[in-house]
Amino acid sequence: MIKTARQKKRLVKNDFDKQLIRLHKSRKSLLEIKQKLPMVPVEHPYQKGWKRTFELRKDVAESKHADFYLSLLDKINTVQYSRIKYFQLKRRKRRKKVWIEIPQTLQEFDLWKWERNIPGFSEQEKAFFYPKEYWCTTLKQVIVKYAFTEPWRFILKIKPNMITHQKMIDETLDQEIAFLDQHIANHFLQHKIIKLVNGHSYKWRKKPGMNTKHKTNYLNELLQE
């Protein structure tokens, strides 16, 4: 059967799109391999700034429930890093520049993570959380997060951020990733790849409640061929 000019043009476009998808998959696979590379100890450990994290309060650490709260803290702890020892920011207040403390709180969990128990809480640990409502300016609605009921049991502690391990370096892997990145950049393919993979070019511009019925399934059709 003789193909029309329109069909030939369509075949060429489909083939080009498939090449872009293979290129995207290859780059994604290489990045996943790089992410899974093990950490190796450095020859000479060194300090790189400071880190601030939560620890058990002294009286809680000496109580009979210390192991329980320590295990719970491992699941809700947060870490902040800073170049200087004081975790402060300079802000203008009443025409004067003042230093204010950088806020840091324990981790809170949205409804999706809570219902699926992503942190892996036991039933006893779940009893220490309560639903906390926030107003989301992006979604223009109230959202719920589950927060720890007794944050006073933990205190913030500042420690030197010691670098004792670093990610293993695979020069061959880095060269392959750099080659693909350069190829994508030189031929201006990033925009087309994002459009093929996500169905649209700029995902963050999507507004809540936007109709998604007309979103193309073109990528799925290509992958099934």
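Only a predicted model underlies this, so the values are computations on that prediction, with no experimental measurement involved.

## Considering the overall build of the protein chain
Consideration 1: Looking only at helices and strands, the protein chain features eight helices and eight strands.
Consideration 2: In the protein chain, buried positions account for 23% of the 225 residues.
Consideration 3: Partitioning the contacts of the protein chain with sequence separation of at least 6, the portion at a separation of at least 24 is 69%.
Consideration 4: Summing over all exposed atoms, the protein chain offers an accessible surface of approximately 17,900 Å²; the carbon and sulfur share of this is 54%.

## Quick notes on unusual backbone geometry
Consideration 1: We note that Arg 94 has phi near 55 degrees; this positive angle belongs to a residue other than glycine.
Consideration 2: With respect to the helices and strands, Arg 94 occurs in the loop between β3 (88-93) and β4 (96-101).
Consideration 3: Classification of Arg 94 by relative accessible area gives exposed; the value is 78%.
Consideration 4: For Asn 117, which is not a glycine, the phi torsion comes out positive at approximately 50 degrees.
Consideration 5: Mapping Asn 117 onto the fold places it in the loop between α4 (111-116) and α5 (123-126).

## Things to note about the sheet that holds strand β1 (residues 39-56)
Consideration 1: As summarised here, the arrangement of the three strands in space is β2-β1-β8, forming an open sheet in which the pairing is antiparallel. Pairing within the sheet leaves two strands with one partner each, and these edge strands are β2 (79-82) and β8 (154-167). In this sheet, neighbouring strand axes are inclined to one another by 40 degrees on average, regardless of whether the strands run parallel or antiparallel.
Consideration 2: One ladder, built from twelve bridges, connects β1 with β8; its direction is antiparallel. The partner of Arg 52 across the bridge, within β8, is Ile 158.

## A closer look at the side chain of Asn 161
Consideration 1: Along the chain, Asn 161 falls in strand β8.
Consideration 2: The exposure class of Asn 161 is buried, given its relative accessible area of 11%.
Consideration 3: Those residues in contact with Asn 161 that sit more than four places away from it in its chain are Tyr 46, Gln 47, Lys 48, Gly 49, Trp 50, Lys 51 and Tyr 81.

## Remarks on the pattern of salt bridges
Consideration 1: Scanning all chains against the criterion turns up nine salt bridges.
Consideration 2: One salt bridge connects Lys 159 with Glu 55, and the closest N-O pair in it is separated by 2.7 Å. Here Glu 55 lies in strand β1 and Lys 159 lies in strand β8, a separation of 104 residues in the sequence.
Consideration 3: The partly exposed category is assigned to Glu 55, whose relative accessible area is 24%.
Consideration 4: One salt bridge in this structure joins Lys 132 and Glu 108, with 3.8 Å as the shortest N-O distance. Linking Lys 132 in strand β6 (residues 129-136) with Glu 108 in the loop between β4 and β5 (109-110), this pair joins segments that are 24 residues apart in sequence.

Cut-offs used in this document
Residues numbered from 1 in each chain as written. Predicted model: local features only at pLDDT ≥ 70, side-chain atom pairs only at ≥ 80, totals over all residues. Heavy atoms only, no water. Helix = DSSP H or I, 4+ residues; strand = E, 2+ residues; numbered from the N terminus. Buried < 20%, exposed > 50% of the residue type's maximum accessible area, 1.4 Å probe, protein only. Contact = heavy atoms within 4.5 Å. Areas by Shrake-Rupley, 256 points an atom, 1.4 Å probe, with all protein chains shown as cover. Pairing = 2+ DSSP bridges. Axes fitted to C-alpha atoms, helices over the stretch in contact; angles between N-to-C directions. Salt bridge = Lys/Arg side-chain N within 4 Å of Asp/Glu carboxyl O.

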